[in-house]
Amino acid sequence: MGRHLICTCGTIELWVGGRDSPKTSQMLADWYSLSHVVHGLLFYGLLWVIARKWRVEWRFLTALAIEASWEMIENTPLVIDRYRATTAALGYAGDSVLNSLSDILMMALGFFLARKVPVWASVALVIALELVPLFAIRDNLALNILNLLAPIRAVQAWQGGG
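This section reports on the structure supplied with the text.

Basis of the calculations
Residue numbers here run from 1 along each chain, matching the order of that chain's written sequence. Totals for whole chains, interfaces and linings use all residues, but because this is a predicted model, local features are given only for residues with pLDDT of at least 70 and pairs of side-chain atoms are given and counted only at 80 or more. The basis for every side-chain value is the complete set of heavy atoms in the structure, and neither hydrogens nor water enter the calculation. Here, nonpolar core refers to any group of buried Ala, Val, Leu, Ile, Met, Phe, Trp, Tyr and Cys residues whose side-chain atoms link them within 4.5 Å. For every residue, the accessible area (1.4 Å probe, protein chains only) is compared with the maximum for its type, and the residue is labelled buried under 20%, exposed over 50%, or partly exposed between those bounds. Counting from the N terminus, the helices are DSSP H or I runs at least four residues long and the strands are E runs at least two residues long. Note on geometry: axes are lines fitted to C-alpha atoms, helical ones only across the stretch in contact, with angles between N-to-C directions running from 0 to 180 degrees. An angle counts as roughly parallel when it lies under 35 degrees, as roughly antiparallel when it exceeds 145, as roughly perpendicular when it falls between 65 and 115, and as oblique in every other case. Note on contacts: a residue pair is in contact if any heavy atoms of the two residues lie within 4.5 Å. For this classification, Asp, Glu, Lys and Arg are treated as charged, while Ala, Val, Leu, Ile, Met, Phe, Trp, Tyr, Cys and Pro are nonpolar and the rest, including Gly, are polar. A cavity here means a set of points on a 1 Å grid, drawn over the protein atoms and nothing else, where a 1.4 Å probe fits but cannot get out; a pocket is an open set with protein on both sides within 12 Å along at least five of seven lines, and a residue lines either one if it has an atom within 4 Å of a point. Grid points are joined across faces, edges and corners, and a volume is the space filled by probe spheres set on the points. As used here, the arc belongs to the directions running from the helix axis to the C-beta atoms. In protein, a polar contact means a hydrogen-donor-capable atom and an acceptor-capable atom, both N or O and within 3.5 Å, with residues adjacent in sequence counting only if both atoms are side-chain atoms; elsewhere, any N or O pair within 3.5 Å suffices.

Ranked by internal contacts, the top residues of the largest apolar core, which has 18 residues, are V38, L41, Y44, A63, M107, F111 and L129. Counting only elements with at least two residues in this core, the list comes to helix 1 (33-50), helix 2 (56-74), helix 4 (97-116) and helix 5 (119-137). Ranked by residue count, the leading element in this core is helix 1, at seven residues. Judged by nonpolar contacts, the second largest core, of six residues, contains I80, Y83, A89 and L148.

Encoded structure:
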């Protein structure tokens, strides 16, 4: 789909801290990596509810397939343009292959954590992983979904610093 293997800047970095950096979604991790951990926590919970009788390995492979599918859909011109138009991801040009693979690994981490910790800890982790980026960069998974599906001008203005 025309994605670059790594950042076109030619470097690989562990962490990018700026929301609007041209390196966001290009490196191993950024603020949006936290939302992929949340994906894993939520997928584990959802699949436990609807497919409890499946072996955990099958539930994990299902979560992996969903996440990999999202990574492909997220990097289509249609979704990239939608992100640019409605979310806080200013100048978003899609993920590098490295970042997409890292996002999938982040989901796997969230799935593994949900399997190992008590339910209350998973819930607390989802809340923390939503609140930290909300205050740090005025964005998180919930706002991303909201702005993709039903943008609210007041939320967009707040995210833009207004």
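On we go.
Time to look at the packing of helix 3 (residues 77-86) against helix 6 (residues 141-149). The description of two packed helices rests on the angle between their axes and on the distance between the axes. Contact pair helix 3 / helix 6: the axes reach a minimum separation of 9 Å and the direction vectors enclose 100 degrees. In terms of orientation, helix 3 and helix 6 fall into the roughly perpendicular class. Along the contact surface, helix 3 presents R82, Y83 and T86, while helix 6 presents N144, N147, L148 and L149. For the contact of helix 3 with helix 6, a count of residues per class yields three nonpolar, three polar and one charged.

Unfilled space is identified by rolling a water-sized probe across the atoms. Taken as a whole, the largest pocket spans an internal volume of roughly 630 Å³. Forming the boundary of the largest pocket are 36 residues, of which H36, W70, E74, Y83 and N144 lie nearest the centre. Secondary-structure elements contributing two or more residues to the lining of the largest pocket are helix 1, helix 2, helix 4 and helix 6. For the lining of the largest pocket, the class distribution of residues is 15 nonpolar, 13 polar and eight charged. In this structure, the second largest pocket encloses a volume near 240 Å³. Broken down by secondary-structure element, the contributors of at least two residues to the lining of the second largest pocket are helix 1 and helix 5. Of all the elements, helix 1 adds the most residues to the lining of the second largest pocket, at six residues. Looking at the lining of the second largest pocket residue by residue, the class counts come to eleven nonpolar, two polar and no charged.

Looking now at helix 6. Listing the buried residues of helix 6 in full gives L141, L143, N144, N147 and L148. In an axial view of helix 6, the angular spread of the buried residues amounts to 165 degrees, which keeps them on one side of the axis. Where helix 6 is buried, its residues contact helix 1, helix 2, helix 3, helix 5 and helix 7 (153-159). Where helix 6 starts, the residue carrying a side-chain oxygen 3.2 Å from the main-chain nitrogen of A142 turns out to be N140.

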